[in-house]
Amino acid sequence: MPADYAESRPNVLLHGGTVIDPYAETATRADVLIRNGHIDTVAADLDADVSDAVPRIDCSGQHISPGWMDMHVHLREPGFEHKETIASGTRAAAFGGFTEVACMPNTNPPLDTRASVGFVKHRAEEGPVAVHPIGCVSKERAGKTLAEMASMAEEGAVAFSDDGAPVHNAGLMRRALEYSTMLDVPIINHMEEPSLNPDGHMHEGAVATRLGMPGIPACSEDVMIARDIELARLTGGHVHVAHIATARGVELVRRAKSDGIEVTAEVCTHHLALTDDAVEASGLSTHTKMHPPLRSAADVSALKAGLADGTIDAICTDHAPHAPHEKDVPFPEAPNGILGLETAWGLVGRHLLAPGVCSLMQAVQALTVAPRRILRLPAPTFEPGAPANLTVFDPDTRWTFTEGHIRSKSQNTPFVDTELVGKAHGIYRNGQWVACDAVPAR
Amino acid sequence: MPASHSRSASLSHAHLLDLTAYTATDLRRILDTAHAFHDGVDTELPSLHDRTVATLFFEPSTRTKTSFQQAAQQLEARVIGVDASGSSVVKGESLKDTAQTLQALNAEIFVVRHAAASAAHFVAQHTDATVINAGDGARAHPTQALLDLYTLDAHYPAVRDLHVAIVGDITHSRVARSNIRALRTMGAEVTVCGPPTLLPADLAAMDVHVTHTLRDALDACDVAMLLRLQLERQRTGLFPSLPEYHAQFGVTAAHLQAYPDLRIMHPGPVNRGVEIEAAVVDHERSMILDQVAHGVPVRMAVMALLARS
């Protein structure tokens, strides 16, 4: 369904901005003329040449890049509409500057059939934000037998994952990777060996020990990443490491890439922003509880280094809404996960760009080129005739994120009252313009 | 014991959730007040006459709950009790709703015992009541540590000169965490001792010595505090068998003979023949029953000092 906050603007001139082309790695002062929803001309000072009938959008002081993609979100529909819906989740995405998202299949029922994948595609069809479903690796997400991956891929599934839980059985993971080579899609694994953290609620270390909180060792991720790298080596399949969070995990991926193994990785913005100290500092707020957990300062440094040197390909959010009453319980009893779409770019600006961890070009690549390369999606370009798919943003506005900025149906974010650096101002896709701040909260 | 502190001054804390923010002066004030209650000396603290103390116990407890109830009654408070088995908790009521319901019934002091670490902190965040943590998961059990401190204070000239060994399952022990905190705050040395499978990661960051050899711990300490070994830990593979645990970490009469000044503590309930030989429980250098008896004056002191005027 078309979103009420999106304006139909088949013809529009974005003028006064700087065009960031992550393929050519150029940043150029240029106007962008869009006709019939497609790129017409990208050139300096088009204002005088374009008819007054074409509406203008003032982009002075802004950057214009290919539309951002978050390859790891939870839209909760079907089955958990009290947490989020496809409509509310794409609203949060639009506010955050994303034109495309890939959604995880741990819904109820899980997305493990052609029909359920089709349902999600259909629900998001006409909105300004594209939704690409990720199908289950296993039937009913039960970790026993392969789901109908080929049928789901035909229907539009872009990858397969049992996210929320790992593909625990090594034999099943082997078969999934083998089968995926026929479909040319990645298998995204939630990297945790559950027997190493049977009751864990936070990173195992000095903070958890002091708090008496059962821990999740970093090793529970590392052993699963190591296993899957060896399975990718065996099968020639593409394994994608979901939400990498440990220093050893980064090193394992770095070595596997240098061995020529087809492995890619994504990092969540919250894992770049916070450590396990935040659990204690927040008074054990359940908004600091997620899987994988917030880890040590050394892990965060390694994640940043991995992003800077290209070991980590993509930046994502693992946007995971939960209703207030579900999070309003003692820490060990709370479900895992936090919102991410609305705060993603402001955290990138604060924790990557402002301290000089990586360049603006690298950050844009991790939000545009990388996720589409991993998921084999056509990447939006500035070539004349290409469908216009753009994000307008700045990398330096300092603003304080408040509850009023939340566009999700839920409110579970630790970043309320946090200063962010950089803001998305608008997105263009599907012939529609969305001014991010015009996206309504409800 | 220095009696010069103003006993009538209350603490500057709103709750007793854990001992993190409690200074040595705070702990001393609680101990002195407890001594006064024990000796029947007037503390000049307001009584809790006509005020309501609610005990919320979501885990089974005998000594802690009884001790809190007795302490509240001696302060002339009304006591209402909620047990998980007999409440709407079994009907799925959330902890937040249970706490707010009791507050609506004018309970001013909540004593909370819960299996989830941080549960007492959670109740404090969601009510206006004064909250006393009676044990939350493996996080904290501050009144146990205070009564242990009181027991040491009663037997030795200065707690700060002591070296205490805590032996057993530290990973799952809120008693160990609160005792480490209390003893280090008072300046005592602490050695923790147990098999590596029952010691949590980065334990040395809590400013304690760590050993896996009981003899090393006993060589170093004045007092050995033995922890109850939860028998279900064997099922989850954290140690091979009870006899092996006893052989490695059980304190026996032979140990008491070899260390003539050693005294023994245990928060109870004891597993005779596992972490502690039966003869040690009943030995004259066992302080186990003193610990139980000291629970009442210590909890009276905590409630009287925290109660808002």
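Reading the values: the criteria
Residues numbered from 1 in each chain as written. Chains lettered and ligands numbered in written order. Predicted model: local features only at pLDDT ≥ 70, side-chain atom pairs only at ≥ 80, totals over all residues. Heavy atoms only, no water. UniProt positions renumbered as here; feature names shortened; annotations may be inferred. Helix = DSSP H or I, 4+ residues; strand = E, 2+ residues; numbered from the N terminus. Buried < 20%, exposed > 50% of the residue type's maximum accessible area, 1.4 Å probe, protein only. Contact = heavy atoms within 4.5 Å. Buried area = accessible area lost by both parts, 1.4 Å probe. Salt bridge = Lys/Arg side-chain N within 4 Å of Asp/Glu carboxyl O. Polar contact = N/O pair within 3.5 Å; in protein donor to acceptor, adjacent residues only side chain to side chain. pLDDT = per-residue confidence, 0-100. Arc of directions from axis to C-beta.

- Going by an unreviewed UniProt entry, chain B carries the name Aspartate carbamoyltransferase and comes from Longimonas halophila.
- Of the comments in the UniProt record for chain B, the one headed Sequence similarities (unreviewed entry) reads "Belongs to the aspartate/ornithine carbamoyltransferase superfamily. ATCase family."

- Chain A is annotated in an unreviewed UniProt entry as Dihydroorotase from Longimonas halophila.
- Looking at chain A in UniProt, the text filed under Pathway (unreviewed entry) is "Pyrimidine metabolism; UMP biosynthesis via de novo pathway; (S)-dihydroorotate from bicarbonate: step 3/3."
- The annotation that UniProt attaches to chain A under Sequence similarities (unreviewed entry) is "Belongs to the metallo-dependent hydrolases superfamily. DHOase family. Class I DHOase subfamily."

### Here's the deal with the UniProt feature "binding site: Zn(2+) 1" (unreviewed entry) in chain A
All names here are of chain A.
- UniProt feature "binding site: Zn(2+) 1" (unreviewed entry): in the numbering of this structure it lies at His72, His74, Asp163 and Asp318. In terms of the greatest pairwise C-alpha distance, the residues named above, spread along 247 residues, form a tight cluster of at most 10.2 Å across.
- Tracing the chain through its elements places His72 in strand β9 (residues 68–73).
- A relative accessible area of 0% places His72 in the buried class.

### A look at the interface of chain A and chain B
- At the junction of the two partners, chain A supplies 16 residues and chain B supplies 19 residues.
- Of the roughly 1,300 Å² buried between chain A and chain B, counting both surfaces, carbon and sulfur atoms make up 59%.
- For the pair chain A and chain B, the number of links is one salt bridge.
- Salt-bridge contacts for Lys96(B) lead to Asp328(A); the nearest nitrogen and oxygen are separated by 2.6 Å.
- In this assembly, chain A and chain B are joined by seven residue pairs in polar contact (both at pLDDT 80 or more).

### Considerations on the confidence of the model for chain B
All names here are of chain B.
- On average, residues of chain B carry a pLDDT of 92, and 94% of them reach 70 or more.
- Confidence drops under pLDDT 50 across residues 1–8; counting only partners more than four residues distant or on other chains, this segment forms 18 contacts.
- Scored as a complex, the prediction yields pTM 0.93 and ipTM 0.88.

### Focus: the side chain of His238(A)
Residues and elements named next belong to chain A.
- Among the structural elements, His238 can be located in the loop between α6 (219–235) and β15 (239–241).
- Here Thr264 takes part through its side chain, which lies 2.7 Å from a polar atom of the side chain of His238.
- In terms of polar contacts, His238 uses its side chain to reach the side chain of Arg376, at 2.6 Å.
- When sequence neighbours within four positions are dropped, the list of residues in contact with His238 reads Leu177, Pro186, Ile187, Glu262, Thr264, Ile374 and Arg376.

### Remarks on helix α9 (residues 242–249) of chain B
Residues and elements named next belong to chain B.
- Along α9, the residues that are buried comprise Tyr245, His246 and Phe249. Down the axis of α9, the sector holding all buried residues measures 100 degrees, keeping them to one side. Away from its buried face by more than 90 degrees, α9 exposes Pro243 and Ala247.
- For α9, the secondary structure elements touched by its buried residues are β5 (163–167), β6 (189–193) and α7 (214–220).
- A side-chain oxygen of the first residue of α9 lies 3.1 Å from the backbone nitrogen of Glu244; this N-cap is Ser241.

### Quick word on the UniProt feature "binding site: carbamoyl phosphate" (unreviewed entry) in chain B
All names here are of chain B.
- This chain's UniProt record puts "binding site: carbamoyl phosphate" (unreviewed entry) on Arg63, Thr64, Arg113, His141, Gln144, Gly268 and Pro269.
- Within the element layout of this structure, His141 appears in the loop between β4 (130–136) and α5 (142–155).
- Those residues within four positions of His141 in sequence are excluded, and the remaining contacts are Thr64, Arg113, Ala134, Gly135, Arg174, Val175, Ser178 and Arg299.
- Along the chain, the position of Gly268 falls in the loop between β9 (263–265) and α11 (278–281).

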